[in-house]
Each structure stands twice: as C-alpha cells, then as structure tokens.
Amino acid sequence: MKNASGDQQQIAATPTTFQNAEAFGLAKVAKSPWQSFMLSIFAGAFIAIAFVFYITVTNGSTMGWGMTRFIGGIAFSLGLILVVVCGTELFTSTVLTSIPWAQKKVKTTTQLQCWARVYAGNLVGALLMVLLIMGARMFELNDGQWGLSAIKLAQHKIHHTWSQAFTLGILCNMLVCLAVWMTFATKDLLTKSLLMILPVAMFVSSGFEHSIANMFMVPIGIAIHSFAPDSFYVALNLDPQQFADLTVSNFVFHNLIPVTLGNIVGGGVFVGIGFWLVEQGKLTLGTDGASHGTITSRVEPKND
C-alpha cells in the first residue's frame, strides 16, 4: 500500500498558481527602491523596442488590415517576453501587487510607492528610446513611411474620448496580466515566452491601450513632428500643421492619465482582486461533503 501522507505532503508543497502570483507581488515591493527603479528603466526600454518592431513589420504591409495588425501584435510580444525573462519591472504587471495588498501583507503606502517608482522608471526608459530612435533617424526608413506611420499612430491615440481611453486601458491590462498570470504555472522560460504571445498579440491587434507603450509611441510621434527636417515632409507631400495637435499636454490629459487608470483597474482589480476573491471562495472537500474554506486535497491509498 502506498504512503498516502507522503503524496499529500508533496501536493501541499507544490505552490498553486495563485500562491506564485502572491509571491510575484511580494517580490515587487521587496526590492530596494534603486534596484526597482533601474529594472523599471530596462522594462520601459524593452516595451519601446517592441513598438519599434511593431512599426517596422507593419509598415507598407499588403496583407490586409487584420492580418497586418496580428503580425504586428506578435512582434510586439517581444516586449513582454523581454520583461519577464530578464526579470525587469513593468508598471502594468506590477499592479498585481494588489493581491498581497488585499491579503494585508503589503501596506497601501508601500504599494503606491512601488507603483510610482516603477511608473517613473518605465517613463525614463521609454524616453531614452525616443532619443535613440530619433538619433538613429529611423523615421526616414522606407522613404519616410516609417515616420509617417509613427506620427499617425500617435495622433490616433490622443483622439480617443476620455471614457474610451479608460476602457481600452482596462481591456489592455486584463490581457497583459492574464499573460503574466499564465507564466506562474510553469518555470520553463520557453513555455513562459510562448504563453504570452497570443494575449499580447490580441490586445495590440485590437487597439487596446497600454500606458507604458504609449510613453514611447506618442512621444516619438511628437518628436518626429517637432524635429524632423523639412525634407521629411516635402518627400511625403505633407503639411506638418496637420499634426499640430501632437503636444505633450494632449498626450498626458487625453491619453496617458485615462489609460493609466484603466490599466490599474484592468490588471490590479479585474485580474488581481478578481482571482483573490475566487481564492476566498474555495471549498473544503472531504468525506462529509463540502463546506466553505480552503481546498484540501485528499489522496486515497491504493493497493499495489
């Protein structure tokens, strides 16, 4: 007869996906402020790199609207893969600290300080990439069509209504945090990477709004509009005044603020708090039926 207690101990020792998510959130706030900030700069740069990839692979595509965006979404998944595999700090997944916060293992002030430094670090990383891309004059690729795509995409993002941008932010970070959540089920890095591709491709191809991606995407559009030489517009037969609404204030108030708040709700509330509520409602399974409490796995002894 097999040792049932040994099997039970093995099951109990294996952390659940929720427990891994809890540990993920606790690890975020446990890092030193300097380490957290520096890792956040890397994450902001990684997401910006992914958007460069998106613009490049979708530029001039003749595959049709949907398929072009799908391919672009797959390319953009590089950003989240780099973030997770390299262990950097991205604001949109850091909001999953809502789980240990809900369990009263993290103070509200500690959580908000973590969010603020990660958000600031992501902004620094994204803007550093803006400087590098402008210095590389990538806006001139494909006879200026690369830069035109970037400007038009940036302009599109600042013309959502406030409620629309907020809702698109919710939808986006639901998918980002679900992508990250799936990685808690495995330790294999290749599996983690593959699991994240489709959720990211879905939110990108559908036009959902990611605050950190926008920290690169809209500023690069503003930078191209402001600093590209006249020859850039002449070659494209464009009047630069048609992009005059690409300003920092329009970006912050019409896009960044509502999208950021939506990202917090989508990831921190809908996913983080949502799964926490599910965890609170688990049942105890025993010989006398079910009652509210914690699940207990029972392994019946088997004859050899």
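For clarity, every value in this text was computed on a predicted model and none was experimentally measured.

Regarding the overall build of the protein chain
Phase 1 of the analysis: What the protein chain contains, in helices and strands, is 13 helices and 2 strands.
Phase 2 of the analysis: The buried share of the protein chain, taken over its 304 residues, is 46%.
Phase 3 of the analysis: Long-range contacts, defined as pairs at least 24 residues apart, comprise 83% of the intrachain contacts of the protein chain with a sequence gap of at least 6.
Phase 4 of the analysis: Only carbon and sulfur atoms are counted for the fraction: they give 65% of the accessible area of the protein chain, which is about 14800 Å².

What to know about the packing of aromatic side chains
Where two aromatic rings form a pair, the distance of their centres and the angle of their planes describe that pair.
Phase 1 of the analysis: On inspection of all chains with the given rule, the structure shows 13 aromatic pairs.
Phase 2 of the analysis: Ring centres 6.1 Å apart and planes at 40° place the aromatic pair Phe-42 and Phe-46 in the tilted group. Here Phe-46 and Phe-42 lie together in helix H3 (residues 33-58), a separation of 4 residues that amounts to about one turn.
Phase 3 of the analysis: With a centroid separation of 4.9 Å and an interplanar angle of 75°, the aromatic rings of Phe-91 and Tyr-119 are classed as edge-to-face. Pair noted here: Phe-91 is in helix H5 (residues 91-94) and Tyr-119 is in helix H7 (residues 108-135), with a separation of 28 residues, a long-range link.
Phase 4 of the analysis: Residue classification places Phe-91 among the buried residues on the basis of a relative accessible area of 3%.
Phase 5 of the analysis: Ring pairing ties together the aromatic residues Phe-18, Phe-24, Trp-181, Phe-184 and Phe-275, which thus form one cluster.

Structural notes on the environment of Pro-100
Phase 1 of the analysis: Mapped onto the elements, Pro-100 comes out in helix H6 (residues 98-102).
Phase 2 of the analysis: Sequence separation between Pro-100 and Glu-22 is 78 residues, and the spatial gap between their C-alpha atoms is 5.8 Å.
Phase 3 of the analysis: Setting aside residues no more than four positions away along its own chain, Pro-100 makes contact with Glu-22, Gly-25, Leu-26, Lys-105 and Val-106.

Observations concerning unusual backbone geometry
Trans is the prevailing form of peptide bonds, just as negative phi is the prevailing case for residues other than glycine.
Phase 1 of the analysis: The phi dihedral of Arg-137 falls on the positive side, at around 55°, and the residue is not glycine.
Phase 2 of the analysis: Mapped onto the elements of the fold, Arg-137 is located in the loop between H7 and helix H8 (145-157).
Phase 3 of the analysis: Since its relative accessible area comes to 39%, Arg-137 is described here as partly exposed.

Side note on the confidence of the model for the protein chain
Phase 1 of the analysis: Averaged over every residue, the pLDDT of the protein chain is 91; residues scoring 70 or more account for 88%.
Phase 2 of the analysis: Across residues 289-304 the pLDDT falls below 50, and counting only partners more than four positions away or on other chains, this stretch makes 38 contacts in the model.

Let's talk about the nonpolar core
Phase 1 of the analysis: Core analysis: the largest hydrophobic core is formed by 73 residues, its most contacted members being Phe-76, Phe-203, Phe-216, Ile-220 and Ile-224.
Phase 2 of the analysis: What Ile-224 contacts, discounting residues up to four positions off in sequence, is Met-134, Phe-139, Gly-147, Ala-150, Ile-151, Phe-232 and Tyr-233.

Calculation criteria
- Residues numbered from 1 in each chain as written.
- Predicted model: local features only at pLDDT ≥ 70, side-chain atom pairs only at ≥ 80, totals over all residues.
- Heavy atoms only, no water.
- Helix = DSSP H or I, 4+ residues; strand = E, 2+ residues; numbered from the N terminus.
- Buried < 20%, exposed > 50% of the residue type's maximum accessible area, 1.4 Å probe, protein only.
- Contact = heavy atoms within 4.5 Å.
- Areas by Shrake-Rupley, 256 points an atom, 1.4 Å probe, with all protein chains shown as cover.
- Phe/Tyr/Trp six-rings, centres within 6.5 Å; stacked < 30°, edge-to-face > 60°.
- pLDDT = per-residue confidence, 0-100.
- Core = buried A, V, L, I, M, F, W, Y, C linked by side-chain atoms within 4.5 Å.

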